[in-house]
Amino acid sequence: MNVVILLGAPGSGKGTLAAELARVPGIRHLSTGDLLRAAVKAGTPAGLKAKAYMEAGNLVPDAVIAELLAENLDADPDTHVLLLDGFPRNVAQADILADLLARKGVRLRGALLLEVPDDVLVARIAGRRVCPACSATFNVATLPPKVEGVCDACGAALVTRKDDDPATVRHRLQVYAEQTFPLIDYYRQRGLLHAVDASGHDLEPKIEAALRKIHD
Ligand code: AMP
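Here is what the cut-offs are and how they apply
- In this convention, every chain numbers its residues from 1, walking through the sequence in written order.
- Selection of residues for local features in this predicted model requires a pLDDT of at least 70, selection of side-chain atom pairs for listing and counting requires 80 or more, and totals for whole chains, interfaces and linings are taken over all residues.
- With hydrogens and water excluded, all non-hydrogen atoms of the structure serve as input to the side-chain values.
- The numbering of helices and of strands both runs from the N terminus, where a helix is a DSSP run of H or I of at least 4 residues and a strand a run of E of at least 2.
- Each residue after the first adds 1.5 Å to the expected span of a helix.
- Relative accessibility thresholds used throughout: buried, under 20% of the residue-type maximum; exposed, over 50%; partly exposed, between the two (1.4 Å probe, protein chains only).
- Directions pointing from the helix axis toward each C-beta atom define the arc.
- Here a residue is considered near a molecule or strand provided that any single heavy atom belonging to it is located within 4 Å of it.
- Polar contact criterion, stated in full: a pair of N or O atoms within 3.5 Å, where within protein one must be able to donate a hydrogen and the other to accept it, and residues adjacent in sequence count only if both atoms are side-chain atoms.
- Accessibility throughout is a Shrake-Rupley quantity obtained with a 1.4 Å probe, and a residue counts as covered only by protein chains that appear here.
- All residues other than Ala, Val, Leu, Ile, Met, Phe, Trp, Tyr, Cys, Pro, Asp, Glu, Lys and Arg, Gly among them, are scored as polar; the first ten of these are nonpolar and the last four charged.
- In short, DSSP must find at least two bridges between two strands for them to pair.
- Every axis corresponds to a line fitted to the C-alpha atoms, with the helix fit spanning only the stretch in contact, and the corresponding angles, defined between N-to-C directions, vary from 0 to 180 degrees.
- Any two residues whose heavy atoms approach within 4.5 Å at even a single point are treated as in contact.

Because each turn of an α-helix spans 3.6 residues, side chains separated by three or four positions in sequence point in the same direction. Taking 1.5 Å per residue, 15 residues should reach 21 Å; helix α7 (residues 166-180) reaches 20 Å between its end C-alpha atoms and fits that length. Residues of α7 that are buried include every one of Thr 168, Val 169, Arg 172, Leu 173, Val 175, Tyr 176 and Thr 180, and no others. Taken down its axis, α7 places every buried residue within 160° of arc, on the same side. Seen from the open side of α7, the exposed residues pointing more than 90 degrees away from its buried face are Pro 166, Arg 170 and Glu 178.

This is the structure we're talking about:
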């Protein structure tokens, strides 16, 4: 199994991209945000601990994330590439990941950074609509569902994420700048960083080229 980290600010398109790529057999998308939202919805102990942090746009404590990840990061023989979306979010989590992978004998192949200017991020998040049933993501401006307000994949009514309101988004961008941004240097220093300009729409060919580079 090859592990690839998707790095990027909220709204940089990590989730949409990972979901696209995960249509290819052998590629699996693991999003800590999706796992947490499912845990909150199900009212599990992790979900109960995470809820208030998420609604305020703050990072959930590392211990909660580490446990969630350990439960979901089994080396599955059918997974050729595991795309980590939303994890790690700070240097402590990057160290937790390195330990976890070392214990499982799995190699981290690279960190793919999606670079998007702040004004584009804010506009993208404002248009984001998500499916509460299957986690599919749409955008009223750039990726509208076939029927307004309805999930293409499962037919559920789309919603706006609670943490996508403008004040919380500003706070999440600040949390990203303070806590997640240092990971760019962390992975660059380890020769693992691959940056891609993700401000446009036709991202897939660029990403596929970057993934091929990571793989070689
Ligand atoms: P996301 O869907 O990746 O934007 O994550 C939504 C929210 O879940 C974040 O704003 C955090 O509150 C929480 N979250 C997701 N992943 C992590 C993580 N690796 N560490 C801490 N909090 C996280």
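Another point: the environment of Arg 188. Its place among the elements puts Arg 188 in helix α8 (residues 182-189). For the pair formed by Arg 188 and Gly 155, sequence separation is 33 residues and the distance between their alpha carbons is 42 Å.

In the neighbourhood of the ligand, 16 residues make up the surrounding shell, with Thr 32, Arg 37, Asn 58, Gly 86 and Gln 93 lying closest. The contact in question runs from an oxygen atom of the ligand to an N or O atom on the side chain of Arg 37, over 3.0 Å. One nitrogen or oxygen atom from the side chain of Gln 93 is found 2.9 Å from a nitrogen atom belonging to the ligand. Here the ligand has 480 Å² of accessible area as a free molecule, and 95% of this is covered by the chains. Counting residues per element, the shell around the ligand draws most heavily on helix α2 (residues 32-42), which supplies 4 residues. Each residue belonging to the shell around the ligand can be placed in one class, and the counts come to 6 nonpolar, 5 polar and 5 charged.

This part is about the sheet that holds strand β1 (residues 2-7). Sheets are built from strands paired through backbone hydrogen bonds, the pairs being either parallel or antiparallel. Reading across from one edge, β2-β3-β1-β4-β7 is the order of the 5 strands in this open sheet, with parallel pairing throughout. Sheet topology places β2 (27-31) and β7 (193-197) at the edges, where each strand pairs with a single neighbour. Neighbour-to-neighbour, the strand axes of the sheet open up by a mean angle of 25°, direction not taken into account. Both β1 and strand β4 (residues 107-115) contribute to a ladder of 6 bridges, which runs parallel. Across the sheet, residue Val 4 finds its bridge partner in β4, namely Gly 110.

Here we come to unusual backbone geometry. For residues other than glycine, phi is negative in most cases, and the peptide bonds are mostly trans. Omega for the bond connecting Phe 87 with Pro 88 falls within 30 degrees of zero, at -5°, which places this linkage in the cis form. One non-glycine residue, Ser 135, lies in positive phi territory at about 70°. Accessibility expressed as a relative area gives 37% for Ser 135, which makes it partly exposed.

This part takes up the side chain of Asn 139. Relative to the elements of secondary structure, Asn 139 occurs in strand β6 (residues 137-139). With a relative accessible area of 8%, Asn 139 lands in the buried category. Of the polar contacts made by the side chain of Asn 139, one reaches the backbone oxygen of Arg 124; its length is 2.8 Å. A distance of 3.2 Å separates a polar side-chain atom of Asn 139 from the backbone nitrogen of Thr 142. If we skip the residues at most four places from it in the chain, Asn 139 touches Arg 124, Gly 127, Arg 128 and Pro 144.

So, to be careful, I would describe these as geometric facts and stop short of saying anything about function.
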